[in-house]
Protein chains: 2
Amino acid sequence: MLQLNENKSSKTEEKIAKEALKIAYERETSTLIASIRDRASLLTELEELWYVHDLLSTKRHEIDGKYSYNPSTIVFDFARLVKEGWLNLDELKGLKPEMLSKISALARM
Amino acid sequence: MLQLNENKSSKTEEKIAKEALKIAYERETSTLIASIRDRASLLTELEELWYVHDLLSTKRHEIDGKYSYNPSTIVFDFARLVKEGWLNLDELKGLKPEMLSKISALARM
């Protein structure tokens, strides 16, 4: 019975975590799209174009690794998203309180 | 004296070649900048952004290797630029006639 409850609880946790990842992903990617659109509208020099290219290379690599759900790193992953401003702690409500405390503490570091 | 004339002639040739490379480079890069500016203004999806990124990766690699002056490959380099529309044969006037014929023939292949 305890086992069942724990399973149920971690299922809910997974759902909350995945939902939060999705919200943050949407925020970061739509902000990136808008910023590239703005930046590109002012392009006149090749150096600026390569700068945009470098920026996209970095961002693509970053985003690729950042939004997959991984229970063993989720505390650090969320702390990073909160620190970077893509997620509010409020949006993680429903996770275990000790997990939320850790995320909050790490995000302030 | 023949040696001197040949040196003089190849100096002129080098100057013509470098000038033509510069013209083609300016054309290709300014066309690229304008096309990315236009394309980026319509960006709404992340897949489109990564498409632009892939395009820039390819173009950057291509352009990096394409515009350095190399006497041993200059016939092929110019044929490619003519074929791609970045250069007119007229703009290579002053190069040896047999070189121009080769460039023209290769560009039509």
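Details of the structure are given in the entry above.
Since the model is a prediction, treat every value here as computed from it, not as a measurement.

Novice: Got a sec to walk through the packing of aromatic side chains? Specific residues and values, please.
Specialist: Geometrically, a pair of aromatic rings is defined through the distance of the ring centres and the angle of the planes. Residue and element names in this part refer to chain A. Under the counting rule described, the total for this entry stands at two aromatic pairs over all chains. Between Y25 and Y67, the aromatic rings sit 5.2 Å apart at their centres with planes inclined by 80 degrees, giving edge-to-face as the arrangement. Residue Y25 is found in helix α1 (residues 2-41), and its partner Y67 is found in the loop between α2 (46-66) and α3 (74-84); the two are separated by 42 residues along the sequence.

Novice: Quick one: what's the story with the interface of chain B and chain A, residue by residue and with numbers?
Specialist: Between chain B and chain A, the contact holds 21 residues from the first and 21 residues from the second. Of the roughly 2,000 Å² buried between chain B and chain A, counting both surfaces, carbon and sulfur atoms make up 72%. Contact with chain A buries area across many residues of chain B, yet I33(B), W50(B) and R60(B) alone supply 32% of it, more than any other trio. Here chain B and chain A share two salt bridges between them. In this structure, the salt-bridge partner of R60(A) is D54(B), at a minimum N-O distance of 2.9 Å.

Novice: Account for the relation of the copies chain B and chain A, with residues named and values stated.
Specialist: Once chain B is rotated about the relating axis by 180 degrees and shifted along it by 0.0 Å, it coincides with chain A to within an RMSD of 0.0 Å. Expressed as a symmetry operation, the mapping of one chain copy onto the other fits a two-fold axis. Mapped onto chain A, 100% of the interface residues of chain B are again interface residues, and the two copies thus contact each other with one and the same surface.

Novice: Residue-level account of the side chain of E28(B), with values.
Specialist: Considering the arrangement of structural elements, one finds E28(B) in helix α1 (residues 2-41). Excluding anything up to four places from it in sequence, E28(B) contacts K59(B), E62(B), I63(B), K66(B), Y67(B) and W86(B).

Novice: Run through the environment of L21(A), naming residues and quoting values.
Specialist: All names here are of chain A. Considering the arrangement of structural elements, one finds L21 in helix α1. Between the C-alpha atoms of L21 and G65, which are 44 residues apart in sequence, the distance is 12 Å. Not counting the four nearest positions on each side in its chain, L21 is found in contact with K66, Y67, S68, Y69, I74, F78 and L81.

Novice: Explain the pattern of salt bridges residue by residue, including any values.
Specialist: Scanning the model with the defined rule gives 20 salt bridges over all chains in all. The network of salt bridges with shared partners includes E28(A), K59(A), E62(A), K66(A), R80(A) and E84(A).

Novice: How would you explain the packing of helix α3 (residues 74-83) of chain B against helix α4 (residues 97-107) of chain B if you had to name every residue and give the values?
Specialist: All names here are of chain B. Where α3 meets α4, the axes come as close as 8 Å, and the angle between the chain directions of the two elements is 50 degrees. Viewed along their axes, α3 and α4 adopt a mutual orientation that is oblique. Where α3 crosses over α4, the two elements pack in a sense that is right-handed. Contact residues: I74, V75, F76, F78, A79, V82 and K83 in α3; M99, K102, I103, L106 and A107 in α4. Here the residues of the contact of α3 with α4 sort into 10 nonpolar, no polar and two charged.

The rules behind the values
Residues numbered from 1 in each chain as written. Chains lettered and ligands numbered in written order. Predicted model: local features only at pLDDT ≥ 70, side-chain atom pairs only at ≥ 80, totals over all residues. Heavy atoms only, no water. Phe/Tyr/Trp six-rings, centres within 6.5 Å; stacked < 30°, edge-to-face > 60°. Helix = DSSP H or I, 4+ residues; strand = E, 2+ residues; numbered from the N terminus. Contact = heavy atoms within 4.5 Å. Buried area = accessible area lost by both parts, 1.4 Å probe. Salt bridge = Lys/Arg side-chain N within 4 Å of Asp/Glu carboxyl O. Least-squares fit on C-alpha atoms with pLDDT ≥ 70 in both. Axes fitted to C-alpha atoms, helices over the stretch in contact; angles between N-to-C directions. Parallel < 35°, antiparallel > 145°, perpendicular 65-115°, else oblique. Left-handed = near helix turned anticlockwise from the far one by under 90°. Nonpolar A, V, L, I, M, F, W, Y, C, P; charged D, E, K, R; others polar.

All quantities given are derived from atomic positions and should not be read as evidence of function.
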